[in-house]
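For reference, the chains in residue letters:
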Amino acid sequence: ERERIFSLTAAPWSEGGAIVTLIDETEAHDAERMRSDFVANVSHELKTPLTALRGLIETLSGAAQNDAEARVRFLAMMAEETERMHRLVSDLLSLNRLEDADVVTRNDRIDLCEIIAAARQSLSDSAAARGISIVLEGCHEPVPLHGDSDQLRQVFNNLVENAIKYGEENGTVTIAVSHEKYDPLLRGPAIRAAVTDDGRGIGQEHLARLTERFYRVDRHRSRQIGGTGLGLAIVKHIVRRHRGWFRIASQVGKGSTFTVLLPAD
Ligand code: ADP
């Protein structure tokens, strides 16, 4: 049982006594702390690329002004920092929309395999850059379900992108899709899609927190790789909106599996 926070007020009462009011403010206090943590995180994430940009602009307008080679190099670094900020703001907007109860999640009849294939295609260059091959299993025929194709594409984009980023160089990323007649968690037919990498894996102590915004196992490394720290939080929200389940299993040194379970028709 955690410690609770109360506020106490006393007002005089006509009979000569006093009315004492005790209010439990634990929840309000938690919400306020979460909000201020979030603002601190966002500010920090934006400040890092901004500081880098400021330094680069200073150098460019000074010493590097007449050095064509340095100019090209600095501009490329500025483009990278700008891209980082752009990704962060896009992810923040996505997350904000997903948390807005008024924003609808479409319920179209779609083919999950088509969505996964599109995500794989859009990431083929970054996979090739690390020598990683992406294997897709269970997609010999369409896998129909009801859902929002843009949102589900984002789910597999994020998961496969992570598998490429954190997977072993020259390794394999496997996306396995299967249909379950009856899934005990969903209490009905389900589509299971699991993204597995053979990377460094994630320690058990981190697993439960991975879907928190800005939670990273290795902050420095993730930032270097170019992550926003919001990818898995977005995945969790989208899967929840589809009334599905999201599970992470991992073994340090062996790799990780991120499983999405969605209700089937
Ligand atoms: P990021 O943008 O930093 O990748 P995510 O929310 O997508 O943010 O992931 C959160 C953290 O989880 C990452 O920073 C990384 O530490 C860890 N992580 C995610 N996917 C994997 C994976 N496939 N293998 C190992 N670690 C992972």
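Residues numbered from 1 in each chain as written. Predicted model: local features only at pLDDT ≥ 70, side-chain atom pairs only at ≥ 80, totals over all residues. Heavy atoms only, no water.

- For the chain, an unreviewed UniProt entry supplies the name histidine kinase and the organism Notoacmeibacter marinus.
- The record in UniProt for the chain states the following under Catalytic activity (unreviewed entry): "ATP + protein L-histidine = ADP + protein N-phospho-L-histidine." (UniProt positions renumbered as here; feature names shortened; annotations may be inferred.)

1. A few points about the nonpolar core
In globular proteins that are soluble, nonpolar side chains generally tend to be buried together.
Here comes step 1: Formed by 48 residues in total, the largest nonpolar core has its most connected members in Leu112, Phe156, Leu159 and Phe246.
Here comes step 2: Put simply, the parts of the chain that give this core at least two residues each are helix 2 (68-99), helix 3 (112-122), helix 5 (149-166), strand 6 (172-183), strand 7 (188-197), helix 8 (231-241), strand 8 (245-251) and strand 9 (255-263).
Here comes step 3: Ranked by residue count, the leading element in this core is helix 5, at 7 residues.
Here comes step 4: Among residues more than four places away in sequence, those in contact with Leu159 are Val195, Leu232, Val235, Phe246, Phe258 and Val260. (Core = buried A, V, L, I, M, F, W, Y, C linked by side-chain atoms within 4.5 Å. Buried < 20%, exposed > 50% of the residue type's maximum accessible area, 1.4 Å probe, protein only. Helix = DSSP H or I, 4+ residues; strand = E, 2+ residues; numbered from the N terminus. Contact = heavy atoms within 4.5 Å.)

2. Describing the UniProt feature "domain: Histidine kinase" (unreviewed entry) in the chain
Here comes step 1: Following the UniProt record, the feature "domain: Histidine kinase" (unreviewed entry) maps to residues 41-265 here.
Here comes step 2: Regarding residues 41-265, the helix share stands at 49% and the strand share at 23%, and the terminal C-alpha atoms are separated by 40 Å.

3. What to know about the packing of helix 5 against helix 8
Here comes step 1: Relative orientation of the contacting elements helix 5 and helix 8 amounts to 145 degrees, with a least axis distance of 9 Å. Both helix 5 and helix 8 take part in a crossing whose hand is left-handed. Listed contacts from helix 8 to Gln151, Leu152, Gln154, Val155, Asn158, Leu159 and Asn162 of helix 5 are Gly231, Leu232, Ile234, Val235, Ile238, Val239 and Arg241.
Here comes step 2: When the residues that make up the contact of helix 5 with helix 8 are grouped by side-chain class, the tally is 8 nonpolar, 5 polar and 1 charged. (Axes fitted to C-alpha atoms, helices over the stretch in contact; angles between N-to-C directions. Left-handed = near helix turned anticlockwise from the far one by under 90°. Nonpolar A, V, L, I, M, F, W, Y, C, P; charged D, E, K, R; others polar.)

4. Some details on the pattern of salt bridges
Here comes step 1: Enumeration over the complete set of coordinates arrives at 12 salt bridges.
Here comes step 2: Asp24 is the partner of Arg4 in a salt bridge, and the nearest nitrogen-oxygen pair spans 2.7 Å. Within this pair, whereas Arg4 is found in the segment before strand 1 (6-12), its partner Asp24 is found in strand 2 (residues 18-24), the two being separated by 20 residues in sequence.
Here comes step 3: Judged by its relative accessible area of 31%, Arg4 falls in the partly exposed class.
Here comes step 4: Classification of Asp24 by relative accessible area gives partly exposed; the value is 35%.
Here comes step 5: Connected through shared salt-bridge partners, Arg4, Asp24 and Glu27 make up one network. (Salt bridge = Lys/Arg side-chain N within 4 Å of Asp/Glu carboxyl O.)

5. Re the side chain of Asp91
Here comes step 1: Its place among the elements puts Asp91 in helix 2.
Here comes step 2: Despite its burial, Asp91 pairs with no opposite charge, the nearest such side chain being Arg87 at 6.5 Å.
Here comes step 3: The residues touching Asp91, leaving out its near neighbours within four places in the chain, are Thr228, Leu230 and Ile234. (Lys, Arg positive; Asp, Glu negative; His and termini not counted.)

6. Things to note about the environment of Pro184
Here comes step 1: With respect to the helices and strands, the residue Pro184 is situated in the loop between strand 6 and strand 7.
Here comes step 2: Along the sequence, Pro184 and Arg120 sit 64 residues apart, while their C-alpha atoms lie 29 Å from each other.

7. Details of the pairing of strand 9
Here comes step 1: Taking burial as the measure, the 9 residues of strand 9 include 7 buried ones, the bulk of the element.
Here comes step 2: Relative to strand 9, strand 7 runs antiparallel, the two being bridged by 8 bridges. Each bridged residue has a counterpart across the sheet, and for Asp197 the counterpart in strand 9 is Ser256.
Here comes step 3: With 7 bridges joining them, strand 8 and strand 9 adopt antiparallel strand pairing. (Pairing = 2+ DSSP bridges.)

8. Focus on a nonpolar patch on the surface
Here comes step 1: A surface patch of nonpolar side chains, amounting to about 450 Å² of accessible area, comprises Phe6, Leu8, Val20 and Leu22.
Here comes step 2: Take Val20: it is sitting in strand 2. (Patch = residues over 30% accessible without salt bridge, like charges linked within 9 Å, V, L, I, M, F, W, Y side chains within 5 Å. Areas by Shrake-Rupley, 256 points an atom, 1.4 Å probe, with all protein chains shown as cover.)

9. Focus on the site of the ligand
Here comes step 1: Looking at the ligand, there are 18 residues lining it, with Tyr166, Asp197, Ser222, Thr228 and Gly229 nearest.
Here comes step 2: Between the ligand and the protein, one listed contact pairs an oxygen atom with a backbone N or O atom of Thr228 at 2.8 Å.
Here comes step 3: Contact with the protein chains hides 97% of the accessible area of the ligand, taken as 530 Å² for the molecule alone.
Here comes step 4: Residue assignment for the shell around the ligand shows that the elements contributing at least two residues are helix 5, helix 8 and strand 9.
Here comes step 5: The element best represented in the shell around the ligand is helix 5, accounting for 3 residues.
Here comes step 6: Partitioning the shell around the ligand into residue classes produces 8 nonpolar, 7 polar and 3 charged. (Near = heavy atom within 4 Å. Polar contact = N/O pair within 3.5 Å; in protein donor to acceptor, adjacent residues only side chain to side chain.)

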